[in-house]
Amino acid sequence: MGTSELPAVTFDRAVLGYGRRVVLSDVTLRVASGDLAVVLGPNGAGKTTLLRTVLGELRPLDGRVSRRAGLRLGYVPQLNSSGSWWPMSVSEFLALFCRRARRAVGPALAAVGMEALAGASLQELSGGQRQRVMLARARLNGPELLLLDEPTQSMDPAAEQAYLALLSGLHRQGTAMLIVTHLHHVARALAHRVLAVENGCVRETSLSAYAEAPHAGVEP
Amino acid sequence: MSQLLHYAGAVEAVLTLLAVGSLLGVSGLPVVLTGRTFTSLVLASAAGLGGVVGHVTGFPVWLTAFAFALATLAVLELLPARLTGPDGVLAVVYIAMTAAATLLASKLPGGDVDLLGLQFGNILALPRASALRTAVLAAAGLAAAVATQRRILAAAGDQTCARLAGMGPRLALAGHSLLLAMAVTLGLDAFGVIPVCAGLVVPGFIALRLSRTRAGWIVVAMLIVAVTTVVGLVGSFALDFPPGVFIAGLMAAAATVVWFMRR
């Protein structure tokens, strides 16, 4: 089996949480290279806990979570948790997070359609544009798996549609994605796989099956 | 100006203020960027209290000031953000430390601690050798602050993304804490507690309004320090004011003008 054929991330009967507080139990799943999986569930269900465990910020309380050796991750945080918006140009901001900034920043901005705004201040950007900048930052170091936390939060419908099309395009180019959202229509627009997070469990489901069941706190 | 230059130790004083002021300004940029300006007040008051404790206990003043500043930064970093986030909490800590330092100093026999000097600084009273040593240390700190600034800003902006980019954010933030503690300790000798607060905040406050680039911020911050230091030292000498607080006043005036221009 070649390295790229190994699962990018594997959860094996993992128990996830904080300290003694269990948020998700018996999590068993695999994220393969080239996957596009949407983690769907109501607010507070444990979606971000799952994401933080993949990022390596949380260790499983029990069971096993493993990442393929040398796996490169990219992360797009929730817009409102990305820190304050600094009075800094877009290209300068991206250059903070990349050793080979001169070569990498231009193509990263072009890939998300933001090259024309490279010199603009972060503070002048709309919510959708800022989220594109965050996506460009996440792609700077050539990630094999992108993790996105509520990526379309506070976007207007037009910006959201354009952003989802951008994500689909990046996935077609071969980047695996794990996207956390509570918005059903985001899952409908993107999902190849749906992972439902509810009642302390994660289960693989289909979009149609998920749509038929009642879910508190999930926008249809 | 010519009168000042004839004053023994004036050249060393200018060099020291420029080096220490630049170190304060550049290492304070991430503090201003992340909106933690009250941290600078707490830090300066902690170093001030440490200095007084050094006088009381007989330990080297620079050592106790540095230790208090570093310990305060460590506590602020380790405490949950919900406790250190509200400005009111930091203000109370600042007031408590300033009050403790003043009360402690007032009880020392024979006025061992120059309270006015501690609060507002008196660079012209600093021995020339001490001033030069402070200037050299500050220049080394400034070089380190400039060299590590990209990592520090990345870590301050988003620790997770900095870690994924292989930038070691915890090490960068720990290094920044060391630089801040060093800047404040050196600043106590040169400027005094109040001007140290100004030096940590005002150059960054102005730089962020006049430039959109990291290099631009550093250049503007150092220019603000240079202009206010030279003008302030000459002005304070001519008018017989404490130089540190005169420089801080000029910085505040410059910040007010820039704020009106770039609201």
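Residues numbered from 1 in each chain as written. Chains lettered and ligands numbered in written order. Predicted model: local features only at pLDDT ≥ 70, side-chain atom pairs only at ≥ 80, totals over all residues. Heavy atoms only, no water.

Asker: Would you explain the overall build of chain A in this entry?
Answerer: Helix and strand content of chain A: seven helices and nine strands. Whereas a compact globule of 220 residues would reach a radius of gyration of roughly 17 Å, chain A reaches 17 Å, a difference of no more than 12%. Taken along the three principal axes of its C-alpha coordinates, chain A extends 45 × 40 × 35 Å. Here chain A holds 220 residues, and 55% of them are scored as buried. (Helix = DSSP H or I, 4+ residues; strand = E, 2+ residues; numbered from the N terminus. Rg over C-alpha atoms; globule rule 2.2 N^0.38 Å. Buried < 20%, exposed > 50% of the residue type's maximum accessible area, 1.4 Å probe, protein only.)

Asker: Whenever I open this one, the nonpolar core confuses me. Can you help?
Answerer: Generally speaking, a soluble globular protein has its nonpolar side chains buried in company with each other. A:L135, A:L145 and A:L178 are the most contacted members of the largest nonpolar core, which totals 149 residues. Counting residues per element, this core draws most heavily on helix α2 (residues 10–33) of chain B, at 11 residues. Beyond its immediate chain neighbours, meaning those up to four positions away, A:L178 contacts A:V31, A:A37, A:V39, A:L51, A:V54, A:L145, A:L146, A:L147, A:L148 and A:L195. (Core = buried A, V, L, I, M, F, W, Y, C linked by side-chain atoms within 4.5 Å. Contact = heavy atoms within 4.5 Å.)

Asker: Would you mind showing me how to read the sheet that holds strand β4 (residues 62–67) of chain A here?
Answerer: What holds strands together in a sheet is hydrogen bonding between their backbones, with the strands either parallel or antiparallel. Residue and element names in this part refer to chain A. Ordered by their spatial adjacency, three strands build an open sheet running β2-β1-β4, and the pairing between neighbours is antiparallel. Every interior strand has two partners, whereas the edge strands, β2 (21–31) and β4, have only one. Averaged over all pairs of adjacent strands, the angle between their axes in this sheet comes to 35°, without regard to strand direction. When strand β1 (residues 9–18) meets β4, the two strands line up antiparallel, connected through five bridges. Following the sheet pairing, D12 is matched in β4 by R64. (Pairing = 2+ DSSP bridges. Axes fitted to C-alpha atoms, helices over the stretch in contact; angles between N-to-C directions.)

Asker: Is there a simple way to explain the interface of chain A and chain B in this structure?
Answerer: In many analyses, interface size is given as the accessible surface area lost on bringing the parts together. In this assembly, 25 residues from chain A lie in contact with 23 residues from chain B. Summed over the three residues of chain A that lose the most area to chain B, namely A:W86, A:L96 and A:F97, the buried surface amounts to 31% of that side. Counting across the chain A and chain B interface gives three salt bridges. With a closest N to O distance of 3.0 Å, B:D158 and A:R137 form a salt bridge. In this structure, the connection of chain A to chain B is made through 12 residue pairs in polar contact (both at pLDDT 80 or more). (Buried area = accessible area lost by both parts, 1.4 Å probe. Salt bridge = Lys/Arg side-chain N within 4 Å of Asp/Glu carboxyl O. Polar contact = N/O pair within 3.5 Å; in protein donor to acceptor, adjacent residues only side chain to side chain.)

Asker: In this structure, what is going on with the packing of helix α4 (residues 61–78) of chain B against helix α11 (residues 169–190) of chain B? I would like to understand it.
Answerer: Describing two packed helices takes the angle between their axes plus the distance from one axis to the other. All names here are of chain B. Where α4 meets α11, the closest approach of the two axes is 9 Å, and the angle between their N-to-C directions is 140°. At the point where α4 passes α11, the crossing takes the right-handed sense. Residue-level contacts link W62, A65, F66, A69, L70, L73 and E77 of α4 to S177, L178, L180, A181, M182, T185 and L188 of α11. A breakdown of the residues in the contact of α4 with α11 according to their chemical character gives 11 nonpolar, two polar and one charged. (Left-handed = near helix turned anticlockwise from the far one by under 90°. Nonpolar A, V, L, I, M, F, W, Y, C, P; charged D, E, K, R; others polar.)

Asker: What should I look at first to understand the packing of α2(B) against α11(B) in this one?
Answerer: All names here are of chain B. Look at α2 against α11: their axes get within 9 Å of each other, and the N-to-C directions meet at 145°. Relative to α11, the crossing made by α2 is left-handed. In contact with T16, L17, V20, L23, L24, S27, G28, P30 and V31 of α2, α11 contributes H176, L180, A183, V184, L186, G187 and A190. Among the residues forming the contact of α2 with α11, the class breakdown is 11 nonpolar, five polar and no charged.

Asker: Would you mind going over the confidence of the model for chain A with me for this structure?
Answerer: Low pLDDT means the predicted coordinates in that region are not meant to be read closely. Residue-level pLDDT values for chain A average 87, and 91% of them are 70 or greater. The element-level mean pLDDT for chain A is lowest in helix α7 (residues 207–212) of chain A, coming to 73, with strand β6 (residues 145–149) of chain A highest at 95. (pLDDT = per-residue confidence, 0-100.)

Asker: Explain the pattern of salt bridges to me, please; I cannot follow it from the model alone.
Answerer: Opposite charge on two side chains lets them pair, provided their charged atoms get close. All names here are of chain A. One pass over the structure, following the stated rule, counts 12 salt bridges over all chains. A salt bridge links E150 to K47; the shortest N-O distance between them is 3.9 Å. Here K47 lies in helix α1 (residues 47–55) and E150 lies in the loop between β6 and α5 (157–172), a separation of 103 residues in the sequence. Judged by its relative accessible area of 4%, E150 is buried. Close ionic contact of R193 with E204 constitutes a salt bridge, the shortest N to O distance being 2.7 Å. Highlighted residues: R193 in strand β8 (residues 193–198) and E204 in strand β9 (residues 201–205), separated in sequence by 11 residues.

Asker: Which parts of the structure should I look at to understand the side chain of A:D149?
Answerer: Residue and element names in this part refer to chain A. By the secondary structure assignment, D149 is in strand β6. The buried charged residue D149 lacks any salt bridge, with K47 as its nearest oppositely charged partner at 6.9 Å. A distance of 3.3 Å separates polar atoms of two side chains, one belonging to D149 and the other to T48. In this structure the side chain of D149 is engaged in a polar contact, spanning 3.5 Å, whose partner is the side chain of Q78. Other than its neighbours up to four places away in sequence, D149 contacts T48, L51, Y75, V76, P77, Q78 and V180. (Lys, Arg positive; Asp, Glu negative; His and termini not counted.)

Asker: Where do I start with the sheet that holds β6(A) in this structure?
Answerer: Residues and elements named next belong to chain A. In spatial order, the strands read β5-β6-β7-β3-β8-β9; together these six strands make up an open sheet with mixed pairing. The open sheet is flanked by β5 (73–76) and β9, the only strands paired with a single partner. Neighbour-to-neighbour, the strand axes of this sheet turn through a mean angle of 20°, independent of strand direction. Packed onto the sheet, helix α4 (residues 127–139) meets β5 and β6 and runs at close to 165° relative to β5.

Asker: Looking at this structure, I do not really get helix α14 (residues 243–261) of chain B. What am I missing?
Answerer: A turn of α-helix holds 3.6 residues, and therefore any two residues three or four places apart point the same way. Residue and element names in this part refer to chain B. For α14, with 19 residues, the first-to-last C-alpha span of 27 Å sits near the 27 Å given by 1.5 Å per residue. Burial in α14 covers these residues: P243, G244, I247, A248, M251, A255 and V258. Down the axis of α14, the sector holding all buried residues measures 130°, keeping them to one side. (Expected span 1.5 Å × (residues − 1). Arc of directions from axis to C-beta.)

Asker: What am I meant to see in the pairing of strand β7 (residues 176–181) of chain A here?
Answerer: All names here are of chain A. The element β7 is extensively covered by neighbouring structure, given that six of its six residues are classed as buried. Residues A176, L178 and V180 point to one face of β7 and M177, I179 and T181 to the other, with burial holding for every one of them. Relative to β7, strand β3 (residues 36–40) runs parallel, the two being bridged by five bridges. The partner of V39 across the bridge, within β7, is V180. Pairing of β6 with β7 involves five bridges; the strand directions are parallel. Across the sheet, D149 pairs through a bridge with V180, a residue of β7. In terms of handedness, the path from β6 via α5 over to β7 forms a crossover that is right-handed. (Right-handed = clockwise from strand over helix to strand, strands pointing away.)

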